[in-house]
Amino acid sequence: MYRFLLTPRWWGINLFVVLAIPFCVFMGTWQLGRFEDRVQSHEQATKQPDPSSRAAEPLDELLPVDKVTSGRPAIATGTYADQFLVPGRELDDRSGFYVLTLLRTEDSGKALPVVRGWLPGTAGSVPVPAAPEGEVTVTGDLQASENIHSNGVDARGGLPEGQLGMISAASLVNLVDYDVYDAWITLPEAQAGGAAGPDDALKPVPAAAPQGSGLDLKAFQNLGYTGEWFVFAGFVLFMWFRLVRREAETARDVALGLVPEDGEPGDGGAGEVRGTSGDGEAAKAGGAAEAGGAAEAGGAVEVAGGVEGGGAGGADGGAVVEAGAGVGEASGGSDASGAAVQGSQGSKTAGTSHGS
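Here is a short report on the structure shown in this document. Fair warning: this is a prediction, and the values are worked out from it, not measured in the lab.

## Some thoughts on the overall build of the protein
Reasoning step 1: A tally of helices and strands in the protein yields seven helices and six strands.
Reasoning step 2: Beginning at the N terminus, the succession of helices and strands in the protein can be written as α-β-α-β-β-β-β-α-β-α-α-α-α.
Reasoning step 3: Looking at the protein as a whole, 31% of its 356 residues are labelled buried.
Reasoning step 4: Taking contacts inside the protein between residues at least 6 apart in sequence as the whole, the part at least 24 apart equals 67%.
Reasoning step 5: Carbon and sulfur atoms provide 57% of the accessible area of the protein, an area that totals close to 21,400 Å².

Structure below.
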């Protein structure tokens, strides 16, 4: 019954199932591993002390920035150079912008992006305190370069001159003619320099947790994808069993003669054809019987007529009549009935002859 599994069509179906199920299981396991990694990193981050509470270390010793060094206090010495405004940044549910100034370090000559603080309002329409002049030493929380998935990033471009949509070395290298560190720091205490009053003072920007280290929405998306891949694997297996069952039922119906080998199960089409044929044969048989009966009845009438017409005819006529009637009754067919009629006619002739 299951020989159909070895046909070329089912070879293709079986190959698809054999490849699809392990692939779905692998993808589901991989997504589950991503979720578990995020949970583990979140637990480690909660057990570690606050990065800002640790002792500050030189910038070069903390690079490159990873999940361990992100948020650690870094020390750098140099001179402030170009300054940019980063619009579209929120702080305490208020809209504003960051003030970012590049610090040219004295050791390597590379520039370190320093977010000196945040101001409310629209970038370009609010006065910005000037950066301190001369050589300065800054201590700030180390941050990795932003990307298009970072909060507040404006990757559309088309910003006015002096404004920056994303804090990253890839964006700054096109705006300045010197090298830039692939990292930035945010000052825990604002160093406004030339603030005229409390409203003009820069507010410190808190350090953000490294990406992929918390149980954010993306982490739960990985968990959701895990369930989807396992559901896909179960669906493929379910459909395979359903197709096999349907094919086996069709093969069984063919073997029992319920459907032709090249047909599909219907609403009793073959049975109706056989039933119609049987009814036709019965109709034919009934018609023949009725015809015989009518002929026999006709023969009897003719015989009776002959007897009455002949009166008391001779014995030969009566014998002929009886012989004709007997032949008609015995045969029951149209030919016998015809013989009976002819016999009766003969008896009439004989009776008339003897009577005369």
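That was the structure; now back to the text.
## Thoughts on the packing of aromatic side chains
Reasoning step 1: Under the criterion given, the structure shown has four aromatic pairs.
Reasoning step 2: Judged by centre distance (5.6 Å) and plane angle (90 degrees), the ring pair of phenylalanine 23 and tryptophan 229 falls under edge-to-face. Of this pair, phenylalanine 23 sits in helix α1 (residues 8–47) while tryptophan 229 sits in helix α4 (residues 217–255), placing them 206 residues apart in sequence.
Reasoning step 3: Judged by relative accessible area, which is 45%, phenylalanine 23 ranks as partly exposed.
Reasoning step 4: Ring geometry for tryptophan 229 against phenylalanine 232: centres 5.8 Å apart, planes inclined by 90 degrees, an arrangement best described as edge-to-face. In this pair, tryptophan 229 and phenylalanine 232 both sit in helix α4, three residues apart, roughly one turn of the helix.
Reasoning step 5: The class of tryptophan 229 is partly exposed, set by a relative accessible area of 22%.
Reasoning step 6: Exposure remark for phenylalanine 232: the relative accessible area of 41% places this residue in the partly exposed category.

## Side note on unusual backbone geometry
Reasoning step 1: In the segment running from leucine 63 into proline 64, the intervening peptide bond is cis, with an omega of -5 degrees.
Reasoning step 2: Structurally, the position occupied by proline 64 is in the loop between α2 (59–62) and β2 (73–91).
Reasoning step 3: The residue aspartate 92 is not glycine, and still its phi comes out positive at about 55 degrees.
Reasoning step 4: Secondary-structure assignment places aspartate 92 in the loop between β2 and β3 (94–105).
Reasoning step 5: Positive phi outside glycine occurs at aspartate 93, with the angle close to 60 degrees.
Reasoning step 6: Structurally, the position occupied by aspartate 93 is in the loop between β2 and β3.

## With respect to the environment of arginine 116
Reasoning step 1: Tracing the sequence through the fold places arginine 116 in strand β4 (residues 111–120).
Reasoning step 2: We classify arginine 116 as buried; its relative accessible area is 0%.

## Side note on the pattern of salt bridges
Oppositely charged side chains can pair when the atoms bearing their charge come close.
Reasoning step 1: Evaluation of the coordinates by the stated rule reveals four salt bridges.
Reasoning step 2: For the salt bridge of glutamate 247 with arginine 9, the shortest nitrogen-to-oxygen distance reads 3.3 Å. Here glutamate 247 is found in helix α4, whereas its partner arginine 9 is found in helix α1, with 238 residues between them in sequence.
Reasoning step 3: Since its relative accessible area comes to 26%, glutamate 247 is described here as partly exposed.
Reasoning step 4: Given a relative accessible area of 51%, arginine 9 falls into the exposed group.
Reasoning step 5: The salt bridge involving arginine 245 is made with glutamate 249; its shortest N-O contact spans 3.4 Å. One end of the pair, arginine 245, and the other, glutamate 249, are both in helix α4, four residues apart, so they sit about a helical turn from each other.

## Notes on a negative patch on the surface
Reasoning step 1: Where like charges cluster on the molecular surface, the negative patch consists of Asp60, Glu61, Glu106, Asp107 and Glu135.
Reasoning step 2: The exposure class of glutamate 61 is exposed, given its relative accessible area of 55%.

## Details of the side chain of threonine 226
Reasoning step 1: Tracing the backbone through its elements, the reader meets threonine 226 in helix α4.
Reasoning step 2: Ignoring anything within four residues of it in the chain, the contact list for threonine 226 reads Gly28, Gln31 and Leu32.

The rules behind the values
- Residues numbered from 1 in each chain as written.
- Predicted model: local features only at pLDDT ≥ 70, side-chain atom pairs only at ≥ 80, totals over all residues.
- Heavy atoms only, no water.
- Helix = DSSP H or I, 4+ residues; strand = E, 2+ residues; numbered from the N terminus.
- Buried < 20%, exposed > 50% of the residue type's maximum accessible area, 1.4 Å probe, protein only.
- Contact = heavy atoms within 4.5 Å.
- Areas by Shrake-Rupley, 256 points an atom, 1.4 Å probe, with all protein chains shown as cover.
- Phe/Tyr/Trp six-rings, centres within 6.5 Å; stacked < 30°, edge-to-face > 60°.
- Salt bridge = Lys/Arg side-chain N within 4 Å of Asp/Glu carboxyl O.
- Patch = residues over 30% accessible without salt bridge, like charges linked within 9 Å, V, L, I, M, F, W, Y side chains within 5 Å.
- Lys, Arg positive; Asp, Glu negative; His and termini not counted.
- Charge placed at Lys NZ, Arg CZ, Asp CG, Glu CD.

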